[in-house]
Amino acid sequence: MADGLSLEKLPLEVIHQIFSLLSPRDLTSLRLTSHSILSAATANAHWRRHFFDSLLPSHAALIDIPSIPHNQWAFQLVTDGWFRAYTTVIRIAREEWLHTDEELKGSTWMVFFKSFLREGGASSDDAAAHALVELRHDMTSVPIEGLPLHSTSWYVDQNKSLRFSGYPPNVPSRDPHTWCRVMQHVSVLMLTDSPEFLEALNVLSSTILEESYAAGLIDEDKRQALESGVRDSIRTVQEKRKSELSTRFRKLHLLRSSARERSMNCSYQGSSNLDSSRSGSSSGSGGERIVVSPMEEAGMYI
């Protein structure tokens, strides 16, 4: 910078004030610049704010995580705890979630026939799933609500796709708008929530508790209290999920539908603005709007 000034030479409180205005992408880039900046760009204050104010509200599959009180997690015990929590969620969102049939046993799915959804050509999405189906531990699928679908056996094939006898493979993916688990083929969409995010944060919190205990930052009583607090909160979340399953799934579907519609509108506006800029004068008076998805903005580069 001019006159020999550099970011590192600014007072720490000024650095943190500047960093409070930056996005996760900017902070991640700054972490790579120097050791002195690394600590400030990884500070819990910034990443806790991005975690709760930006990341969680952007994806409906993370709906359970805000139910855990902030102070029950172990992330605040170490200087990079909330950064590790943020990047753990991003990592899980990028990974394939279906590996074996174990990921499906005991899960409940919303089943939609695409001809009645917008992606199938309908003018609007149905407010509720056409059926709820449970994939049981005995490898049978049983309808529990909605249309009276036939019970049948299921399995995961060598391509890691869900198979029902006589039907095309249901290919697994993750909904880009909500991060919910998805299974689909040409005529059917299956959607459910994603417990792996909360499970991964629980594992990370336990790991940080062990690290903090080994480093003498907390005693055994504190470690057990924090561990039991998270465990009890997760148990409460799981019990509430079971008791409000239909309402919960309907909310996930509507959030997915509205997020998808917003994304399509943004893409259309961005395309229109891009066409306008291309057809405009050489002076550049036509502005181009670059549309960035919530997943990209959340930091999928990490």
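Definitions and limits used
Residues numbered from 1 in each chain as written. Predicted model: local features only at pLDDT ≥ 70, side-chain atom pairs only at ≥ 80, totals over all residues. Heavy atoms only, no water. Helix = DSSP H or I, 4+ residues; strand = E, 2+ residues; numbered from the N terminus. Buried < 20%, exposed > 50% of the residue type's maximum accessible area, 1.4 Å probe, protein only. Contact = heavy atoms within 4.5 Å. Areas by Shrake-Rupley, 256 points an atom, 1.4 Å probe, with all protein chains shown as cover. Pairing = 2+ DSSP bridges. Axes fitted to C-alpha atoms, helices over the stretch in contact; angles between N-to-C directions. Phe/Tyr/Trp six-rings, centres within 6.5 Å; stacked < 30°, edge-to-face > 60°. Lys NZ or Arg CZ within 6 Å of the ring centre and 35° of its normal. Polar contact = N/O pair within 3.5 Å; in protein donor to acceptor, adjacent residues only side chain to side chain. Expected span 1.5 Å × (residues − 1). Salt bridge = Lys/Arg side-chain N within 4 Å of Asp/Glu carboxyl O. Patch = residues over 30% accessible without salt bridge, like charges linked within 9 Å, V, L, I, M, F, W, Y side chains within 5 Å. Core = buried A, V, L, I, M, F, W, Y, C linked by side-chain atoms within 4.5 Å. Parallel < 35°, antiparallel > 145°, perpendicular 65-115°, else oblique. Nonpolar A, V, L, I, M, F, W, Y, C, P; charged D, E, K, R; others polar.

Per an unreviewed UniProt entry, the protein is named F-box domain-containing protein, and its organism is Choiromyces venosus 120613-1.

Novice: In this structure, what is going on with the overall build of the protein? I would like to understand it.
Specialist: Secondary structure summary: the protein contains nine helices and eight strands in total. Residue burial in the protein is summarised as follows: out of 302 residues, 39% are buried. In the protein, of all internal contacts separated by at least 6 residues, the share reaching a separation of at least 24 is 58%. As presented, the protein carries roughly 16100 Å² of accessible surface, and 53% of it is formed by carbon and sulfur atoms.

Novice: Mind showing me how you'd approach the sheet that holds strand S3 (residues 140–146) here?
Specialist: The strands making up a sheet associate through backbone hydrogen bonding, with each pair oriented either parallel or antiparallel. Strand order in the open sheet formed by eight strands is S5-S4-S3-S2-S1-S8-S7-S6, and the pairing between neighbours is antiparallel. Of all strands in the sheet, those bounded by a partner on one side alone are strand S5 (162–164) and strand S6 (171–174). Across the sheet, the mean angle separating the axes of adjacent strands is 35 degrees when strand polarity is ignored. Taken together, the four bridges between strand S7 (residues 181–184) and strand S8 (residues 188–192) define a ladder with antiparallel strand orientation. Looking across to S8, one finds that Gln184 is bridged to Leu189.

Novice: I would appreciate a short explanation of the packing of aromatic side chains in the present structure.
Specialist: Aromatic ring pairs: the centre-centre distance and the angle between the two ring planes describe each pair. Within the structure shown, the criterion is met by nine aromatic pairs. Each ring, one from Phe51 and one from Phe52, has its centre 5.1 Å from the other, and the planes form 75 degrees; the classification is edge-to-face. In this structure Phe51 comes out as buried when scored by relative accessible area, which is 1%. Given a relative accessible area of 13%, Phe52 falls into the buried group. Consider the rings of Phe75 and Trp82, whose centres lie 5.0 Å apart with planes at 75 degrees: the pair is edge-to-face. Trp82 shares its class with Phe75; the two are buried. Three or more aromatic residues joined by ring pairs make a cluster, and in this case those are Phe51, Phe52, Trp73, Phe75 and Trp82. A cation over an aromatic ring shows up here: Arg223 above the ring of Tyr213, its NZ or CZ 5.8 Å from the ring centre.

Novice: Would you explain the side chain of Arg181 in this entry?
Specialist: Position of Arg181 among the secondary structure elements: in strand S7. At a separation of 2.9 Å, a polar atom in the side chain of Arg181 contacts the side chain of Glu196. The residues touching Arg181, leaving out its near neighbours within four places in the chain, are Trp97, Glu103, Trp109, Ser173, Met190, Leu191, Thr192, Asp193, Ser194, Pro195 and Glu196.

Novice: What is the right way to read helix H6 (residues 196–214) from this model?
Specialist: Every α-helical turn comprises 3.6 residues, leaving residues that sit three or four positions apart pointing alike. For H6, built from 19 residues, the straight-helix expectation of 27 Å at 1.5 Å per residue is met to within 8% by its first-to-last C-alpha distance of 27 Å. If you follow the buried residues of H6, they end up packed against helix H4 (44–58), helix H5 (81–94), S6, S7 and helix H7 (220–243).

Novice: I would appreciate a short explanation of the pairing of strand S4 (residues 152–156) in the present structure.
Specialist: A regular strand places its side chains so that they alternate between the two faces of the sheet. As defined by bridge partners, S3 adjoins S4 across two bridges and the pair is classed as antiparallel. What sits directly across from Ser141, in S4, is Thr152. In sequence, S3 turns back onto S4 through a hairpin of five residues. Here S4 pairs with S5 via three bridges, running antiparallel.

Novice: Help me out: how do you make sense of the pattern of salt bridges in this one?
Specialist: A side chain with one charge can pair with a side chain of the opposite charge if their charged atoms come near. Counted by the stated rule, this structure contains 17 salt bridges. We note a salt bridge from Asp157 to Arg163, for which the minimum N-O separation is 3.6 Å. The buried category is assigned to Asp157, whose relative accessible area is 11%. One salt-bridge network, in which partners are shared between bridges, spans Asp64, Asp193, Arg241 and Arg248.

Novice: What is the right way to read a nonpolar patch on the surface from this model?
Specialist: On the surface, Leu10, Val14 and Ile18 cluster together to form a nonpolar patch covering roughly 190 Å² of accessible area. Its location among the elements puts Val14 in helix H1 (residues 12–19). Residue classification places Val14 among the partly exposed positions, given a relative accessible area of 33%.

Novice: I would appreciate a short explanation of the nonpolar core in the present structure.
Specialist: By size, the foremost hydrophobic cluster in this structure holds 53 residues, and its most contacted members are Phe51, Trp179 and Phe197. By residue number, the principal contributor to this core is H5, which donates eight residues.

Novice: Just checking my understanding: could you explain the packing of H6 against H7 for this structure?
Specialist: Between two packed helices, both the angle of their axes relative to each other and the distance between the axes serve to describe the pair. Running from N to C, H6 and H7 cross one another at 175 degrees; their axes reach a closest spacing of 10 Å. In terms of axis orientation, H6 runs roughly antiparallel to H7. Residues Leu198, Asn202, Ser205, Ser206, Leu209, Glu210 and Tyr213 of H6 lie in contact with H7, whose contacting residues are Glu220, Arg223, Leu226, Glu227, Val230, Ile234 and Val237. Along the lines of polarity and charge, the residues of the contact of H6 with H7 split into seven nonpolar, three polar and four charged.

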